[in-house]
Amino acid sequence: NTTRTPEISISPDRKWFALRAFFRPNDIDKQQGILIPSLWVVSVDGKQFRRVTEPILNSNTRGASCTTNAQCTSTGYCDTTLGKCSFQNYSIGLGKPQWSRDGKTLWTTQSQFWSSGSKLTGGSTLASVPVQGGALQPIKGNHGCAQVSHLSIHPTEDKLVAIHSVCTSGKPGLHLYNIPPKTSTPVFENPNVKTSLGSTLFFPD
């Protein structure tokens, strides 16, 4: 129960696949209390597998000790299995990995979600990690939107696009970033469309 159908992307030199996966959890992964994905690269001949991301730590397990929900004023929920105040139905996810133009970095999105009463709370942000391995680095923005998703890397320039949604002060729609991402420029806004925007992809030109 630790494998799921992966979403893959191929490296610029076409020698490696990058994928998000739940397989081969190490001892640190097993201590997190929830299933958290990692990024891997696999040679196209299938002979080499290498994990890229270090384990993502579940900060939700470090709350105050409790035995009832009433003791958890910050989260409103006591995980009685752990005896800790935590967010209910907490999860950590990663989006489909994308290669940088030079093949040295993997870009993705990292999400955290949990239940707050009857509502789903949390969001997602851009994140990157060196292909040689390391800790995933989330990139926070002040764009006023809770979710950044479905990114795509520009084929010839140091740029990427991503979809902004669940916005309060920001503008939902497709946004263009320079790399490294700091601020974005709307490519088009999507304020009144009720259906979600899907995956993004640059044409080769």
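Residues numbered from 1 in each chain as written. Predicted model: local features only at pLDDT ≥ 70, side-chain atom pairs only at ≥ 80, totals over all residues. Heavy atoms only, no water.

A.B. asks: I keep staring at the side chain of Ser 9 and nothing clicks. Help me out?
C.D. replies: Of note, Ser 9 is situated in strand E1 (residues 8-10). The exposure class of Ser 9 is buried, given its relative accessible area of 10%. A polar contact is formed between the side chain of Ser 9 and the backbone oxygen of Pro 97, at a distance of 2.8 Å. With near-sequence residues (within four places) excluded, Ser 9 lies in contact with Trp 16, Phe 17, Ala 18, Lys 96, Pro 97, Gln 98 and Trp 99. (Helix = DSSP H or I, 4+ residues; strand = E, 2+ residues; numbered from the N terminus. Buried < 20%, exposed > 50% of the residue type's maximum accessible area, 1.4 Å probe, protein only. Polar contact = N/O pair within 3.5 Å; in protein donor to acceptor, adjacent residues only side chain to side chain. Contact = heavy atoms within 4.5 Å.)

A.B. asks: Looking at this structure, how should I read unusual backbone geometry?
C.D. replies: Outside of glycine, negative phi angles account for most residues, and trans bonds account for most peptide bonds. Of the consecutive residues Ile 179 and Pro 180, the connecting peptide bond is found in the cis state with omega at 5°. Mapped onto the fold, Pro 180 is located in the loop between strand E14 (173-178) and strand E15 (184-189). The backbone of Arg 24 sits at a positive phi, close to 50°, despite the residue not being glycine. Tracing the backbone through its elements, the reader meets Arg 24 in the loop between strand E2 (16-21) and helix H1 (27-30). Assessed through its relative accessible area of 52%, Arg 24 is described here as exposed.

A.B. asks: Looking at this structure, I do not really get the packing of aromatic side chains. What am I missing?
C.D. replies: Two aromatic rings are characterised by how far apart their centres lie and by the angle between their planes. What the rule picks out here adds up to four aromatic pairs. A ring pair is formed by Phe 87 and Trp 114, whose centres lie 4.3 Å apart and whose planes are at 25°; its orientation type is stacked. A residue pair is termed long-range when its members are at least 10 positions apart, and Phe 87 in the loop between strand E6 (84-85) and strand E7 (88-94) and Trp 114 in strand E9 (residues 105-116) qualify at 27 residues. Owing to a relative accessible area of 29%, Phe 87 belongs among the partly exposed residues under this scheme. Judged by its relative accessible area of 18%, Trp 114 falls in the buried class. Among the aromatic residues, those joined into a cluster by ring pairs are Phe 23, Trp 40 and Phe 49. The cationic tip of Arg 24 hangs over the ring face of Phe 49; the distance from NZ or CZ to the ring centre is 5.0 Å. (Phe/Tyr/Trp six-rings, centres within 6.5 Å; stacked < 30°, edge-to-face > 60°. Lys NZ or Arg CZ within 6 Å of the ring centre and 35° of its normal.)

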